[in-house]
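# Close look at the chain arrangement
Residue-level listing of the chains:
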Amino acid sequence: MPSVMLASTALILDRLVSTHFFNPAEGGDALLWQHLFWFFGHPEVYFIFIPGLAFMSSIIPTFSRRPMYGYPAIVLSLTTTAFLSFGLWVHHMFATHIPDLGKSFFTAASMMIAIPTALQIFCWMTTMWKGRLDLRTPMLFVLAFFFILVLGGLTGIMVASVPLDLQLHDTYFVVAHLHYVLLGGAVFPLFGAWYYWFPKITGRLMGERLGRWQFWLFFIGFNVAFYPMHHLGLQGMPRRVYTYPQEMGWGSLNLVSTVGAVMIAASVLLFIANALRSLRTGMLAGENPWGAATLEWATASPPPAYNFERPPVVRARDPLWEPVSEPPSEPTQVTGLAERAREALVSTVLDAMPSHRLVFPHPSPWPFLSAVTVTLMFIGSIFTPWAIVWGGIPVTLAVTIWFWPKRRETLENLAVEKRP
Amino acid sequence: VNHRSLDVSGLPSYKFSHHSLMWWGLMGLIAIEGTAFALSVGMYFYLWSQAQQWPLAALPPDLRWGTLNLALVLASLYPNHWTKRVAEDGNEPAMRLGLVVCTLFGLAIIAVRALEFTTLNVRWDTDAYGSIVWLIIGLHTTHVVTDVYDTVVLALLFFFSGPLEGRRHVDVSENAMYWYFVVWSWLAIYAVIYLMPRLT
């Protein structure tokens with residue numbers, strides 16, 4: 001994020017106030033833009049991917065009926081992926097004049113990503129292997145993840161090597177690769193997550209039969225649409241060009257792709273129809289329709305605005321699968337939070353022990369108004385640098401008023417305040 | 001279902017340092033802005049590596065105002081640290097004094113910074129060297145102004161609005177933490193902008 005912020009700032013300064021960051025005539029360098037952009041852009045790909053991994057880690061234990069195998073290994077893999085992601089950006093720039101030694105380093109770093117990713121995949125597979133599988137719709141999308149993401153990962157290892165990348169750069173092979181990675185890594189788990197949490201959000205389950213139809217249309221449609229692009233890329237079809245000469249002979253594979261795209265569209269329409277229909281006529285879900293282990297399933301569906309009347313005491317990673325003795329030997333719920341203020345319990349970072357009680361502010365329009373002023377300032381800055389100067393004033397005022405304590409709230413809070 | 005209760009009514013309403021949400025918010029800000037500083041310094045050296053000579057066609061910035069500011073910035077650590085300590089002791093009269101002294105230091109630093117801009121010996125639109133020098137010092141100045149403004153707002157709050165909740169003491173403590181970031185990042189930037197071109 002800081003990188004794209006800095007790159008965009010430098011670019012708009014070049015355009016508005018005649019700086020020369022990217023102007024080679026005055027000592028600037030156009031490739032600097034690519035460095036800054038990809039230093040943001042590659043980690044960004046993993047940030048798209050990480051929610052998908054979290055969906056996987058939520059859905060797999062539920063439908064395998066057992067706790068996650070190798071939980072610490074999965075967490076460490078995620079952290080490793082995040083760390084490594086900052087050292088691979090140059091693999092998007094193999095076709096530029098970067099020194100060969102640099103390219104070799106970034107090839108090695110890019111291939112290293114396979115290690116933490118494989119570790120996670122093996123942990124999930126072991127969880128399923130050792131569990132009792134329940135193949136409901138969310139789980140089908142999870143299984144598709146394995147098939148599609150692994151294919152995308154393998155083509156990733158291929159394009160991580162410089163000589164192959166020089167052949168495949170800017171061809172449809174890359175388009176195929178990135179769709180296998182991103183749809184496999186983010187969109188399939190996202191669909192799974194929709195089916196999984198829809199009952200918690202709305203109180204009703206999505207239709208299972210339509211769900212299966214949607215899944216198979218999407219899975220087959222995806223492969224029909226994107227698999228042929230590998231071959232088109234190997235045959236040299238360039239990306240970012242909307243058409244191609246007829247005599248290249250790429251017509252039939254492109255037609256197959258189009259058929260796949262239509263199947264995907266049909267599948268998404270089916271999904272929307274299923275969601276709308278289930279909103280009204282879906283099976284009532286109850287608190288925990290999947291028999292899941294995590295806390296959101298311990299409250300009503302949809303949950304009330306306050307989540308729990310009294311916050312539950314959590315002692316384990318899978319709290320709803322913990323045996324409870326009757327009568328309980330340990331506390332099960334938190335009491336003593338203010339009844340008439342928006343007070344929440346803050347716990348410590350590592351051990352989640354109760355730390356202090358924090359009162360949250362009353363509803364206020366100022367966060368929204370601050371966002372509006374920031375938006376106006378930045379839109380204005382596209383046209384004139386003075387927008388930052390004049391636009392900065394309403395931004396400053398809005399965030400200051402947002403912060404400034406309201407007297408009535410202060411008195412209410414002081415009534416329940418305890419000093420440390 | 002039988003329930004046993006864990007009574008938290010005896011817990012305090014606020015805590016300092018890494019117990020507080022303010023601290024985590026501030027650390028997030030420092031992580032983002034610190035990365036932006038590091039990357040802008042990276043841009044500086046990248047552009048240098050592409051150049052025949054550096055600075056491209058100018059003298060390095062004059063040492064006088066920049067070095068005076070370095071001294072002022074380092075000296076401001078003392079009142080800042082003192083304010084942080086009295087905030088954690090909950091001593092409101094001392095916090096008021098500390099906020100005023102920190103504000104005065106901040107205003108002096110902004111004034112010297114204005115003079116600094118006049119002795120950089122290059123304009124932002126001269127060449128890429130000028131652009132990156134102005135960008136780095138501009139980024140740092142943004143943070144100086146932001147933190148001085150925060151300090152002024154807190155000072156106004158402590159003088160003219162009362163009674164105050166104890167968690168406002170956490171705000172004073174974390175405001176001081178933000179100033180540490182402004183100080184230590186200036187140390188690095190001073191070395192890059194003022195010293196590096198002279199060393200080679």
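The following refers to the structure shown. (Residues numbered from 1 in each chain as written. Chains lettered and ligands numbered in written order. Predicted model: local features only at pLDDT ≥ 70, side-chain atom pairs only at ≥ 80, totals over all residues. Heavy atoms only, no water.)

## Regarding the overall build of chain A
When its secondary structure is counted, chain A shows 13 helices and three strands. Dimensions of chain A, computed from the C-alpha atoms along their principal axes, are close to 75 × 60 × 45 Å. Within chain A, the fraction of its 420 residues that count as buried is 41%. Taking the intrachain contacts of chain A between residues at least 6 apart in sequence as the baseline, contacts between residues at least 24 apart amount to 70%. When the accessible area of chain A is evaluated, it comes to approximately 22400 Å², of which 69% is carbon and sulfur surface. Between the centroid of the 26 positive side chains of chain A and the centroid of its 23 negative side chains there is a distance of 9 Å. (Helix = DSSP H or I, 4+ residues; strand = E, 2+ residues; numbered from the N terminus. Buried < 20%, exposed > 50% of the residue type's maximum accessible area, 1.4 Å probe, protein only. Contact = heavy atoms within 4.5 Å. Areas by Shrake-Rupley, 256 points an atom, 1.4 Å probe, with all protein chains shown as cover. Lys, Arg positive; Asp, Glu negative; His and termini not counted. Charge placed at Lys NZ, Arg CZ, Asp CG, Glu CD.)

## Let's talk about the packing of aromatic side chains
Residues and elements named next belong to chain A. Scanning the model with the defined rule gives 53 aromatic pairs over all chains in all. Ring geometry for Phe21 against Phe22: centres 6.4 Å apart, planes inclined by 50°, an arrangement best described as tilted. By relative accessible area, Phe22 is classed as buried at 12%. Ring centres of Phe188 and Phe222 lie 5.8 Å apart, and the angle between their planes is 90°; this geometry places the pair in the edge-to-face category. Taken as a pair, Phe188 in helix 8 (residues 172–202) and Phe222 in helix 9 (residues 208–234) lie far apart in primary sequence, 34 residues in all. It is Arg317 that lies over the ring of Tyr71; its NZ or CZ is 3.7 Å from the centre. (Phe/Tyr/Trp six-rings, centres within 6.5 Å; stacked < 30°, edge-to-face > 60°. Lys NZ or Arg CZ within 6 Å of the ring centre and 35° of its normal.)

## A closer look at the interface of chain B and chain A
Chain B puts 54 residues into the contact, and the matching count from chain A is 60 residues. When chain B packs against chain A, close to 4900 Å² is buried across both sides, 65% of that on carbon and sulfur atoms. At the junction of chain B with chain A, the criterion picks out zero salt bridges. For the pair chain B and chain A, the interface holds 21 residue pairs in polar contact (both at pLDDT 80 or more). At the level of secondary structure, the elements contributing two or more residues to the side of chain B that touches chain A comprise strand 1 (5–7), helix 1 (21–49), helix 5 (128–160) and helix 6 (167–199) of chain B. It is helix 1 of chain B that provides the largest number of residues to the side of chain B that touches chain A, a total of eleven residues. When the residues that make up the side of chain B that touches chain A are grouped by side-chain class, the tally is 27 nonpolar, 17 polar and ten charged. Note: strand 1 (residues 333–335) of chain A against strand 1 of chain B, three bridges, orientation parallel. (Buried area = accessible area lost by both parts, 1.4 Å probe. Salt bridge = Lys/Arg side-chain N within 4 Å of Asp/Glu carboxyl O. Polar contact = N/O pair within 3.5 Å; in protein donor to acceptor, adjacent residues only side chain to side chain. Nonpolar A, V, L, I, M, F, W, Y, C, P; charged D, E, K, R; others polar. Pairing = 2+ DSSP bridges.)

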